[in-house]
Amino acid sequence: MRKKIVAGNWKMNKTFEEAEELITEIADGLDEMDLNGHGVILCPPALYIEMATDVAEESLFEVGAQNVYPADSGAFTGEISPLMLKKLNVGYCIVGHSERRKYFQEDALFLKQKVDALLRNGVIPIFCCGETLPEREAGNHFRIVEDQLIASLFHLDAADFSKIIIAYEPVWAIGTGVNATKEQAQEMHAFIRERISGKYGVAIAQDLTILYGGSCNAKNAAELFSQPDVDGGLIGGASLKTEEFLQIVASL
Ligand code: PGA
């Protein structure tokens, strides 16, 4: 269901004590706000998920994971399964983040398996797509994003597809301080929605939540979120500071 959402991707940051402090401050801040039915998702490092879900029980945010292995259990040293996430009340999991594609060589087939494993266990994938700077400069950004969607998502049936969240994250904007302009974000979000409409129909495309990610902060969030096809943000660096993150949530 289409919903305005701000999701915080903490990446590999914060000690346990710092994480507990940040999450408690955010929970307190959200208590003071009128969220108007909008969603807030926090994706801390996996070690802190149980602490986060405990706090979330009494708060207005939900918890997401940053990663998952596409099997329910087994001999996969170091990995975390979608079943484990589900049993800890984790509702979401980021899939296809450019850092995982780049540093961990995760390819489209592996991401597709993650999407399937998550949906099988009732965890919603937040599927990231986006082009690099050379790809944009060569004019290939629409094709790259479309290919990413086709390769890892378009095998889904309509019922499963309608559960997912998409995050458009141009790689050149992630952690760089250079965000996509509101026009660039809107243009790509509209393109994504149009392609999904072609595959799954207008109703499913209109009902899909598409987040923007990449140097989104308290200064640019309102402008980005005001675009008709931008339904909120996936926030990295700016999700690590309570006040800034709460201001981004207030920009929905
Ligand atoms: P950033 O990261 O907000 O620090 O650019 C976004 C992301 O990687 O999800």
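Here goes a summary of the coordinates provided. Please read all numbers here as calculations on a predicted model, not as lab measurements.

### Description of the packing of aromatic side chains
Point 1. This model, assessed by the stated rule, comprises eight aromatic pairs.
Point 2. A ring pair is formed by phenylalanine 161 and tyrosine 200, whose centres lie 4.2 Å apart and whose planes are at 15°; its orientation type is stacked. With a gap of 39 residues between them, phenylalanine 161 in helix α8 (residues 158-161) and tyrosine 200 in helix α9 (residues 182-200) connect regions that are remote in the sequence. A single burial state applies to phenylalanine 161 and to tyrosine 200, both of which are buried.
Point 3. Feature note: the residues Tyr69, Phe76 and Phe110 constitute an aromatic cluster, connected by ring pairs.
Point 4. One cation-aromatic arrangement involves lysine 199 over tyrosine 200; the distance from NZ or CZ to the ring centre is 5.8 Å.

### Remarks on the packing of helix α1 (residues 16-31) against helix α12 (residues 242-250)
Point 1. Following both chains from N to C, one finds α1 and α12 inclined at 40°, their axes separated by 10 Å at the closest point. The interaxial crossing formed by α1 with α12 has right-handed handedness. For the pair formed by α1 and α12, the contact residues are Leu22, Glu25, Ile26, Gly29 and Leu30 on the first element and Thr242, Phe245, Leu246 and Val249 on the second.
Point 2. In terms of residue class, the contact of α1 with α12 is made up of six nonpolar, two polar and one charged.

### A look at the packing of α1 against helix α2 (residues 49-57)
Point 1. Between α1 and α2, whose axes approach to 10 Å, the crossing angle comes to 20°. Regarding the angle of α1 to α2, the classification is roughly parallel. Where α1 crosses over α2, the two elements pack in a sense that is right-handed. In contact with Phe16, Ala19, Glu20, Ile23 and Ala27 of α1, α2 contributes Met51, Ala52 and Val55.
Point 2. A per-class count over the contact of α1 with α2 returns seven nonpolar, no polar and one charged.

### Observations regarding the sheet that holds strand β1 (residues 5-9)
Point 1. Pairing within the closed barrel is parallel, and its eight strands lie in the order β1-β2-β3-β4-β5-β6-β7-β8. Averaged over all pairs of adjacent strands, the angle between their axes in this sheet comes to 25°, without regard to strand direction.
Point 2. Pairing of β1 with strand β2 (residues 39-43) involves five bridges; the strand directions are parallel. Of the residues in β2, the one forming a bridge with isoleucine 5 is glycine 39.
Point 3. Contacting β5 (124-129) and β6 (165-168), helix α7 (residues 141-152) crosses the sheet at an angle of about 150° to β5.

Cut-offs applied
- Residues numbered from 1 in each chain as written.
- Predicted model: local features only at pLDDT ≥ 70, side-chain atom pairs only at ≥ 80, totals over all residues.
- Heavy atoms only, no water.
- Phe/Tyr/Trp six-rings, centres within 6.5 Å; stacked < 30°, edge-to-face > 60°.
- Helix = DSSP H or I, 4+ residues; strand = E, 2+ residues; numbered from the N terminus.
- Buried < 20%, exposed > 50% of the residue type's maximum accessible area, 1.4 Å probe, protein only.
- Lys NZ or Arg CZ within 6 Å of the ring centre and 35° of its normal.
- Axes fitted to C-alpha atoms, helices over the stretch in contact; angles between N-to-C directions.
- Left-handed = near helix turned anticlockwise from the far one by under 90°.
- Contact = heavy atoms within 4.5 Å.
- Nonpolar A, V, L, I, M, F, W, Y, C, P; charged D, E, K, R; others polar.
- Parallel < 35°, antiparallel > 145°, perpendicular 65-115°, else oblique.
- Pairing = 2+ DSSP bridges.

By themselves, these are just geometric observations and shouldn't be taken as functional.
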